[in-house]
There are 2 protein chains.
Amino acid sequence: MGMSPQGRQAQAAASSEDADPPVISVDAMGGDQGPAAVVAGVVRAARQHGEARFLLHGRSAELAPLLAKAGLGARAELRKADGVVTMDDKPSHVMRHGKDTSMWSAISAVRAGEASAAVSCGNTGALMAVSMLRLRKIEGVNRPAIACLWPSRGASGFNVMLDVGADIRADQTDLLQYALMGAAYARNGLQIEQPRVGLLNVGTEEHKGRAELKAAHELLSVNAGEAGFDFVGFVEGGDIPSDRVDVIVTDGFTGNVALKTGEGTATLIRDLLRDALQTGLLSKLGAVLAMGSFKKLQTRIDPRQVNGGVFLGLNGTVVKSHGSADATGIAAALSLAVTLSRSGFQRRLAARVATVNALRQDAHSPEQDGS
Amino acid sequence: MGMSPQGRQAQAAASSEDADPPVISVDAMGGDQGPAAVVAGVVRAARQHGEARFLLHGRSAELAPLLAKAGLGARAELRKADGVVTMDDKPSHVMRHGKDTSMWSAISAVRAGEASAAVSCGNTGALMAVSMLRLRKIEGVNRPAIACLWPSRGASGFNVMLDVGADIRADQTDLLQYALMGAAYARNGLQIEQPRVGLLNVGTEEHKGRAELKAAHELLSVNAGEAGFDFVGFVEGGDIPSDRVDVIVTDGFTGNVALKTGEGTATLIRDLLRDALQTGLLSKLGAVLAMGSFKKLQTRIDPRQVNGGVFLGLNGTVVKSHGSADATGIAAALSLAVTLSRSGFQRRLAARVATVNALRQDAHSPEQDGS
C-alpha cells in the first residue's frame, strides 16, 4: 500500500511516541479452524512484522507441539488456559464462569499491560462482554463499537464503518462518539490525517431520516473541528465503498445488516462469475489467460484480507477475527493489531475523547447556567 | 426464465380470472433520460407482451412525435398532461399543486379503472404521496411498502425484499403485513406458490434483536399458515441473496440501506473487474474470449434487469422505475407491471389481507371479552 506524506508524518510521530515493540495477545482456541490455523497465522504475521512478539493463550497439550514446530523461538510465548469459549456460550455465562478460558486470559494480558492489543476468533458477544468487564470503557464513552474495514475506491483502498454489531441501539451522542473513534481509527490504522466522516441515512437531504440522525447531524457538524475530522453529512448505502468518505457512522443494527449484505453480494457475484467462466470452451480459455487479474481482484475484495473488527471505546485494543478465519485471515487480523499498537492508537483515541467531552461540557455550561 | 409446474398452474388460474388484456398507465415525463427513453422502453415491452396496451401521460409536443415514430398504433395512447414532477419537488407540494402533472394523470388512470397498473420513473417520495392520495391504502393495511427484486441463488433467480424505503418505521403489525404482501408478490410475480418468508435481523437466535422484531417473530409464526407462506424465522444480511428464503421482511430504513449497499457493492466489483481485465495483454485477450460469459453474468446482476420497486398495500399496482433508467430498465419495469396485472395480483393481495385481518380479530376476541 502506498503511503501519503501525511501518513508518513503521522507514523513517524507515532513511532517516537511508542518506542516499545508491539506485543500481541492471541486467543489461540476460539476459532472454527482450531489452534493450528491460529499458529499458522502467527507465523505469517511474525514474518511481516519483524519486531512484534506474540502471547498465545490456550491448552498447552495442543499449543506446545504446534509452537515447537513453528520455530518462532522467543517471539512467541505460551500462556496456559484450559477453558475454551464456544460459539454457543452465552456472554453472561462466560462473564460469570469464564475465568479459566483462553479468551479471558488473552484480554487479561492487555489489562495487565503485558500486551498492547488482543486478537480472538471467538464468539463476538462473549468477547465484547469479557473485554468490557476486564478493560472497562474509556471515560466519556457510553457505548463501545465494532469497526470494520470496507474495500473502497479511496486512496487507501479501504473505508472504516462502525458500529457493525456491538450494540443495536445508538443515540446522537453515541453516534458522535462513533465518529470520533472511527476517525481516530482511520488516522492511525489507514494513515488518513483528516478523515471524512459520513452519517448513514436513507437520503442525503438534511430533513430526512430518523430523529436521532437529524440530531446527530447537528452534533457532528458542531464538533467535527475539535474532533479532527471533516463531516460530509448524510451518506447512503451506495456511498459505503465510495471515495466521498473515509468513515461511515451508523448504529450497530444497520451496520451489521449492511456489512453482511455487502459480504453476501460479493460472494454471490464471485460464485456467479466462477460459474460463468466454466461455461463453454472460449470462456474457460479466457479465464485461464486472465487468471492473474482475477487473482488480484479476488485479493482486493477477499473478506479474509480485511479480516478484523476492532472494538473501539475500551481501555485496550481488541481485534475480533472472523470465527471461520484461516491462516490468511488470522494473519490479517494480527497485522491490524500490530499497526494499531505501533501508532499509539489507544492513547490518542482516549485523549481525543477527553478533549471533545471537555469542550462539549464547556459549551453546555452557559445554557445550563441560564436555565 | 423457466417456470415450475406450480407456476404454470398459478398463472393459468390467474389468467382465467383476469380475462381483460393488461393496460399499463405510464408516466412518460419523470425520468432523468426524458420521454424518448420511456417510449423506447414501451416499444420493447410491447414486443414482449403482444396483448398489452399502454397509456402514455405527458406533454403532447414532446410525446406525439415520439409515438408517431414508434409505430405502436392502437397499442399506445397519448394522455395530455403539461406539468412535470421534478426530482427536487417536495411530496407535499406535489400533493397540493400537482393535478396537472403526468405523474398524477398516470396514477389517476389506475384509480379510474382504465389501467391495471401504473409505471413511473419519477421522484419516489412524490410518487408514493400521489399514489396514497389517489389510490388509498387497502383496508387493513397501516403502512404501504416498496418491494424490490434481488438477484438470488433461488430457483426463480430472484428474492423479494420489502420495505426498501416507503417508511422509515415499522412495528410488528406492519412487519406482518409486509410479510403477507411480499408473499403475495412472490406468488404472483415470481410464481412461487408457498413463499418462504424471513425476518431480517442481526442474528438468527430468537432472543436477539430489537423488541419489535421479537414481537414480529411471534406474529409471523402464528399467522404464516393462514397467510399462505412458510416462516423461516430470522435471517441475516448475508441471506438476502440466498435460497433459504424467497421474501425478506424489514423496515424501510434498514431495507433501503441494504438495497443501496448491495447495489454499491455490485457496482464496485464490476468496476474493479473491468480495471483488472484491462491490465496486461493476457488479461485483455482473456477478457475478449470470455466476453460472452461476462455479458451473461452482467445481465444476471444488472440492476436495470430487475428495475422496478412495487408499491404494495394500495388499491392499485404502482411500479417505481429507477430515475436513471434507460429503455432496458423501463422495459423491465413495464414487464413487471404486465406480469402482475395478468396474475390478478391486486385482487388476490386485498383478499389475503382481509382474511388474515378477520382471523386475527377473531383470535383476539376471546381475550378482549375476558378482559
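Use the structure listed above.
Residues numbered from 1 in each chain as written. Chains lettered and ligands numbered in written order. Predicted model: local features only at pLDDT ≥ 70, side-chain atom pairs only at ≥ 80, totals over all residues. Heavy atoms only, no water.

Draft legend 1. Main features of the overall build of chain A. Each helix and strand counted, chain A has 13 helices and 11 strands in total. Per-residue burial for chain A yields a buried fraction of 57% across its 371 residues. Long-range pairs, those at least 24 residues apart, make up 73% of the contacts in chain A with a sequence separation of at least 6. Total accessible area computed for chain A in this model is approximately 15,000 Å², and 52% of it derives from carbon and sulfur atoms. (Helix = DSSP H or I, 4+ residues; strand = E, 2+ residues; numbered from the N terminus. Buried < 20%, exposed > 50% of the residue type's maximum accessible area, 1.4 Å probe, protein only. Contact = heavy atoms within 4.5 Å. Areas by Shrake-Rupley, 256 points an atom, 1.4 Å probe, with all protein chains shown as cover.)

Draft legend 2. A look at the relation of the copies chain B and chain A. The two copies are related by a screw motion: chain B maps onto chain A through a turn of 180° and a shift of 0.0 Å along the axis, at an RMSD of 0.0 Å. The transformation just described matches what one would write down for a two-fold rotation axis. (Least-squares fit on C-alpha atoms with pLDDT ≥ 70 in both.)

Draft legend 3. Structural view of the pairing of strand β5 (residues 145–151) of chain B. Residues and elements named next belong to chain B. Here β5 lies mainly inside the structure; 7 of its 7 residues are buried. Where β5 and strand β10 (residues 309–312) come together, 3 bridges link them in antiparallel fashion. Paired with Ala145 across the two strands is Leu312, which belongs to β10. Two strands pair when backbone bridges link them, and β5 and strand β6 (residues 158–162) are joined in this way by 5 bridges, in the antiparallel orientation. (Pairing = 2+ DSSP bridges.)

Draft legend 4. Structural context of the pattern of salt bridges. The tally for this structure, following the rule as stated, stands at 26 salt bridges over all chains. The shortest N-O distance in the salt bridge between A:Arg210 and B:Asp251 comes to 3.4 Å. Here A:Arg210, found in the loop between β7 (196–200) and α8 (211–227), pairs with B:Asp251, found in the loop between β9 (247–249) and α9 (252–277), and the two come from separate chains. Per residue, the accessibility class of A:Arg210 equals that of B:Asp251, and both read buried. A salt bridge links B:Arg342 to B:Glu51; the shortest N-O distance between them is 2.5 Å. With B:Arg342 in helix α12 (residues 327–342) and B:Glu51 in the loop between α2 (34–48) and β2 (53–58), the pair connects residues that are 291 residues apart, well separated along the chain. Residue class for B:Glu51 comes out partly exposed when judged on its relative accessible area of 31%. When salt bridges with common partners are traced through the structure, they connect A:Arg53, A:Glu77, A:Arg79 and A:Glu114 into a single cluster. (Salt bridge = Lys/Arg side-chain N within 4 Å of Asp/Glu carboxyl O.)

Draft legend 5. Quick look at the interface of chain B and chain A. Taken residue by residue, the interface counts 51 residues in chain B and 50 residues in chain A. Both faces considered, chain B and chain A share a buried interface measuring about 4,300 Å² in area, 73% of it formed by carbon and sulfur atoms. Counting every contact that joins chain B to chain A gives 8 residue pairs in polar contact (both at pLDDT 80 or more). For the side of chain B that touches chain A, the secondary-structure elements that each account for two or more residues are β5, α9, α10 (281–289) and α11 (291–301) of chain B. (Buried area = accessible area lost by both parts, 1.4 Å probe. Polar contact = N/O pair within 3.5 Å; in protein donor to acceptor, adjacent residues only side chain to side chain.)

Draft legend 6. Representation of empty space enclosed by the protein. A full pass over the atoms with the stated rule returns 3 cavities of 30 Å³ or more. Here the largest cavity is characterised by a volume of approximately 50 Å³. In terms of lining, the largest cavity is formed by A:Phe253, B:Ala170, B:Leu175, B:Leu200, B:Arg210, B:Glu212, B:Leu213, B:Thr250 and B:Asp251. Grouping the constituent residues of the lining of the largest cavity by class yields 5 nonpolar, 1 polar and 3 charged. (1 Å grid on protein atoms, 1.4 Å probe; cavity = no way out; pocket = protein on both sides within 12 Å on 5 of 7 lines; lining within 4 Å. Points joined across faces, edges and corners; volume = space filled by probe spheres on them. Nonpolar A, V, L, I, M, F, W, Y, C, P; charged D, E, K, R; others polar.)

Draft legend 7. Fine view of the sheet that holds β6(B). All names here are of chain B. Pairing is mixed in the open sheet, where 11 strands are placed in the order β3-β2-β1-β4-β11-β10-β5-β6-β9-β7-β8. Unpaired on one side and paired on the other, β3 (76–80) and β8 (230–235) mark the two borders of the sheet. Ignoring which end each strand starts from, the neighbouring axes of this sheet average 25° apart. Where β2 lies against β3, 5 bridges are found, and the strand directions are parallel. Residue pairing in the sheet places Gly58 in a bridge with Lys80 of β3. Packing of helix α5 (residues 102–111) onto the sheet brings it into contact with β1 (23–27), β2, β4 (117–120) and β11 (317–320), and relative to β1 it is tilted by some 165°. Sheet strands touched by α9: β5, β6 and β7 (196–200). Its angle to β5, the strand with the most contacts, is close to 30°. (Axes fitted to C-alpha atoms, helices over the stretch in contact; angles between N-to-C directions.)

Draft legend 8. Main features of the packing of aromatic side chains. Counted under the stated rule, the structure contains 2 aromatic pairs over all chains. Taking the centre distance of 6.1 Å and the plane angle of 50° together, the rings of A:Tyr185 and A:Phe345 count as tilted. Here A:Phe345 lies in helix α13 (residues 345–370) and A:Tyr185 lies in helix α7 (residues 172–189), a separation of 160 residues in the sequence. The positively charged end of A:Arg210 is found above the aromatic ring belonging to B:Phe253, 4.1 Å away from the centroid. (Phe/Tyr/Trp six-rings, centres within 6.5 Å; stacked < 30°, edge-to-face > 60°. Lys NZ or Arg CZ within 6 Å of the ring centre and 35° of its normal.)

Draft legend 9. Layout of helix α8 (residues 211–227) of chain B. Residue and element names in this part refer to chain B. A rise of 1.5 Å per residue sets the reference length of α8, with its 17 residues, at 24 Å; its end C-alpha atoms lie 23 Å apart and thus fit the reference within 8%. The sharpest bend along α8 comes to roughly 35°, located at Ser221. Positive backbone phi, at 80°, marks Gly228, one or two positions downstream of α8. (Expected span 1.5 Å × (residues − 1). Bend = angle between axes of the 7 residues up to and from the residue.)

Draft legend 10. Highlighting the packing of α2(B) against α12(B). All names here are of chain B. α12 packs onto α2 with a crossing angle of 50° between their chain directions and a minimal axis gap of 7 Å. It follows that α2 is oblique to α12 by the angle criterion. Between α2 and α12 lies a crossing whose hand is right-handed. Of α12, the residues touching α2 (which contributes Ala37, Val38, Ala40, Gly41, Val42, Arg44, Ala45 and Gln48) are Ala327, Thr328, Ile330, Ala331, Leu334 and Ser335. Looking at the contact of α2 with α12, its residues break down into 9 nonpolar, 4 polar and 1 charged. (Parallel < 35°, antiparallel > 145°, perpendicular 65-115°, else oblique. Left-handed = near helix turned anticlockwise from the far one by under 90°.)

Draft legend 11. The arrangement of the sheet that holds strand β3 (residues 76–80) of chain A in detail. All names here are of chain A. As summarised here, the arrangement of the 11 strands in space is β3-β2-β1-β4-β11-β10-β5-β6-β9-β7-β8, forming an open sheet in which the pairing is mixed. The sheet terminates laterally at β3 and β8 (230–235), the two strands that pair on one side only. Between one strand and the next, the sheet's axes are offset by a mean angle of 25°, whatever the strand orientation. Two strands pair when backbone bridges link them, and strand β6 (residues 158–162) and strand β9 (residues 247–249) are joined in this way by 3 bridges, in the parallel orientation. Following the sheet pairing, Met161 is matched in β9 by Ile248. Against the sheet, α8 contacts β7 and β8, and its axis sits at roughly 165° relative to β8.

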